[in-house]
Protein chains: 2
Amino acid sequence: MSEDVFKALADPTRRTILDELAERDGQSLFEICSRLAMKHELALTRQAVSQHLAVLETAGLVVSRREGRYKFHDLDTQPLEQIVTRWLRPHPPESTP
Amino acid sequence: MSEDVFKALADPTRRTILDELAERDGQSLFEICSRLAMKHELALTRQAVSQHLAVLETAGLVVSRREGRYKFHDLDTQPLEQIVTRWLRPHPPESTP
DNA sequence: ACCATAGGCAAGTCGTCACTTGCCTATCAA
DNA sequence: TTGATAGGCAAGTGACGACTTGCCTATGGT
């Protein structure tokens, strides 16, 4: 489970998507595509971004809601709050996946 | 720079190495190999672990000191403390590498 | 001096991941 | 109903990453 969070955070494009969702929640796929192209000079295909969002959703970092033909995406920071404290103080080690 | 931290944390074996160093600082390469084999059933080559340690050192998560023919490794949690707070509250976005 | 120990370097293999291309479905507006 | 918009599915490609194998250097004990 936290395995998916680390994998999701490993890609710089996905971290930029999280940045964008942190700045404005509830963006659609095309909105995110535009933002990446405009603000970050990331010329990605719609499918590429869609796959990134799927990874982020699997990790629980993004939740999505469908409205009509639009699908809006929201950031969820909850999975982030536990993963790093693992090494910050003496902690029971987690079984590796 | 924080790019390297995320990449280093992406691998489950490297996270286990961090667990071991969190439990006992200053282990040599062979000690870490033994620990991974004994406690975590990870039968890795010495070179594999060595390469993992190199990645962790590049990320700044591990610092090493040479003494004679031994090389001891210590955990440094400092790079961990900034990376996640990036999304926890409204934050100036970082330029992507 | 010898040999075992601790570690490093470099090339090669194999799997996974990011990304694309092509086609298909669904919703809304005219 | 037609067409444009928003999104999904699946197979293919190319690159990077984890790991191994083989050989080489250096330190220390006897």
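Residue positions are given per chain, counted from 1 along the sequence in the order it is written. Here the convention is simple: chains get letters from A, ligands get numbers from 1, in the order in which they are written. With the structure being a predicted model, the display of local features is reserved for residues of pLDDT at least 70 and the display and counting of side-chain atom pairs for 80 or more, all residues being used for whole-chain, interface and lining totals. With hydrogens and water excluded, all non-hydrogen atoms of the structure serve as input to the side-chain values.

Student: Honestly, the overall build of chain A in this entry has me stumped. Any pointers?
Tutor: Runs of E in the DSSP output that reach at least two residues are strands. Runs of H or I that reach at least four are helices, and both are numbered from the N terminus. Scanning chain A from N- to C-terminus turns up 6 helices and 2 strands. Beginning at the N terminus, the succession of helices and strands in chain A can be written as α-α-α-α-β-β-α-α. For chain A, the spread of C-alpha atoms along the three principal axes comes to 45 × 30 × 25 Å. Expressed as a percentage of its 97 residues, the buried residues of chain A come to 45%. Sequence separation of at least 24 residues holds for 51% of the intrachain contacts in chain A that already meet a minimum separation of 6. Calculation of accessible area relied on Shrake-Rupley with a 1.4 Å probe; when residues are assessed, cover is drawn exclusively from the protein chains displayed. Only carbon and sulfur atoms are counted for the fraction: they give 51% of the accessible area of chain A, which is about 5400 Å². Each residue is placed in one exposure class: buried if its accessible area under a 1.4 Å probe, protein chains only, is under 20% of its type's maximum, exposed if it is over 50%, and partly exposed if it falls in between. The contact rule is simple, with two residues in contact once any of their heavy atoms fall within 4.5 Å.

Student: Is there a simple way to explain the protein's contact with DNA strand D in this structure?
Tutor: Close to DNA strand D lie 23 residues; Phe30(A), Arg14(B), Thr45(B), Gln51(B) and His52(B) are nearest. Restricting the count to atoms of DNA strand D within 4 Å of the protein gives a sugar and phosphate share of 65%. Contact distances for DNA strand D include 3.2 Å between a phosphate oxygen and a backbone N or O atom of Phe30(A). Identification of polar contacts relies on pairs of N or O atoms within 3.5 Å, with a donor-acceptor requirement for protein atoms, meaning one able to donate a hydrogen and the other able to accept it, and with residues adjacent in sequence counted only if both atoms are side-chain atoms. Here a phosphate oxygen of DNA strand D sits 3.1 Å away from a polar atom, N or O, in the side chain of Lys71(A). Among the elements of the structure, α3 (29-40), α4 (46-58) and β2 (70-75) of chain A together with α2 (12-23) and α4 (46-58) of chain B are those that each provide at least two residues to the surface near DNA strand D. Broken down by element, the residue count for the surface near DNA strand D peaks at 4 residues, all from α4(B). Charged residues are taken to be Asp, Glu, Lys and Arg, nonpolar residues to be Ala, Val, Leu, Ile, Met, Phe, Trp, Tyr, Cys and Pro, and polar residues to be all remaining types, Gly included. Its residues assigned to classes, the surface near DNA strand D comprises 6 nonpolar, 9 polar and 8 charged. Nearness here has a simple test: a residue counts as near a molecule or strand if at least one of its heavy atoms is within 4 Å of that partner.

Student: Help me understand the relation of the copies chain B and chain A, please; the structure alone is not making it clear to me.
Tutor: Two copies of a chain can be linked by a rotation about an axis combined with a shift along that same axis. When chain B is fitted to chain A, the residual RMSD is 0.0 Å, and the transformation amounts to a turn of 180° plus an axial shift of 0.0 Å. What we have between these two chains is a two-fold relation. Residues of chain B ranked by C-alpha distance from the rotation axis are headed by Ala10(B), positioned 2.9 Å from it. Residues below a pLDDT of 70 in either copy are left out; the C-alpha atoms of the rest, at least 70 in both, set the least-squares superposition of the copies.

Student: Even after reading the chapter, I still don't get the protein's contact with DNA strand C, so can you show me in this structure?
Tutor: Every one of the 23 residues lining DNA strand C counts as a neighbour, but Arg14(A), Thr45(A), Gln51(A), His52(A) and Phe30(B) are closest to it. Between Arg69(A) and DNA strand C, the recorded distance is 3.5 Å, taken from a side-chain N or O atom to a base oxygen. Looking at the surface near DNA strand C, the element that brings in the most residues is α4(A), giving 4 residues. Each residue belonging to the surface near DNA strand C can be placed in one class, and the counts come to 6 nonpolar, 9 polar and 8 charged.

Student: Can you help me understand the pattern of salt bridges in this one?
Tutor: Pairing of side chains with opposite charge becomes possible as their charged atoms draw close. By definition here, a salt bridge exists when the distance from a side-chain nitrogen of Lys or Arg to a carboxyl oxygen of Asp or Glu is within 4 Å. For the structure on display, the rule yields 20 salt bridges over all chains. Of the charged contacts, one joins Glu3(B) and Arg15(A) as a salt bridge, the two residues approaching to 2.5 Å between their closest N and O atoms. Remark: Arg15(A) occurs in helix α2 (residues 12-23) and Glu3(B) occurs in helix α1 (residues 2-9); the pair is interchain, linking two chains. Under the relative-accessibility criterion, Glu3(B) is labelled buried at 12%. Look at Arg15(A) and you get buried, because its relative accessible area is 2%.

Student: Would you explain the pairing of strand β1 (residues 62-67) of chain B in this entry?
Tutor: Consecutive side chains along a regular strand alternate between the two faces of the sheet. All names here are of chain B. Note: β1 against strand β2 (residues 70-75), 6 bridges, orientation antiparallel. Opposite Arg66, over in β2, you have Lys71 as the bridge partner. Where β1 folds back on β2, the antiparallel hairpin that results is connected by 2 residues, among which Gly68 adopts a positive phi of roughly 60°. Following DSSP output, two strands are said to pair if at least two bridges run between them.

Student: For this particular structure, what's the right way to read helix α1 (residues 2-9) of chain A?
Tutor: Three or four residues apart is the spacing at which side chains of an α-helix point the same way, because the helix has 3.6 residues per turn. For α1(A), the buried fraction is high: 6 of the 8 residues fall into the buried class. Regarding α1(A), the residues found buried are Ser2(A), Glu3(A), Val5(A), Phe6(A), Ala8(A) and Leu9(A).

Student: In this structure, what is going on with the interface of chain B and chain A? I would like to understand it.
Tutor: One frequently used descriptor of interface size is the decrease in accessible area upon assembly of the parts. Across the boundary between the two partners, chain B contributes 23 residues, which contact 24 residues of chain A. Surface buried jointly by chain B and chain A totals about 2200 Å² across both partners, of which 64% is contributed by carbon and sulfur atoms. On the surface where chain B and chain A come into contact, there are 6 residue pairs in polar contact (both at pLDDT 80 or more). Broken down by secondary-structure element, the contributors of at least two residues to the side of chain B that touches chain A are α1, α2, α5 (80-83) and α6 (85-88) of chain B. Classifying every residue of the side of chain B that touches chain A by side-chain character gives 13 nonpolar, 4 polar and 6 charged. Buried area is understood as the total, over both parts, of accessible area removed when two parts are fitted together, assessed with a 1.4 Å probe.

Honestly, it's all geometry; don't read function into it.
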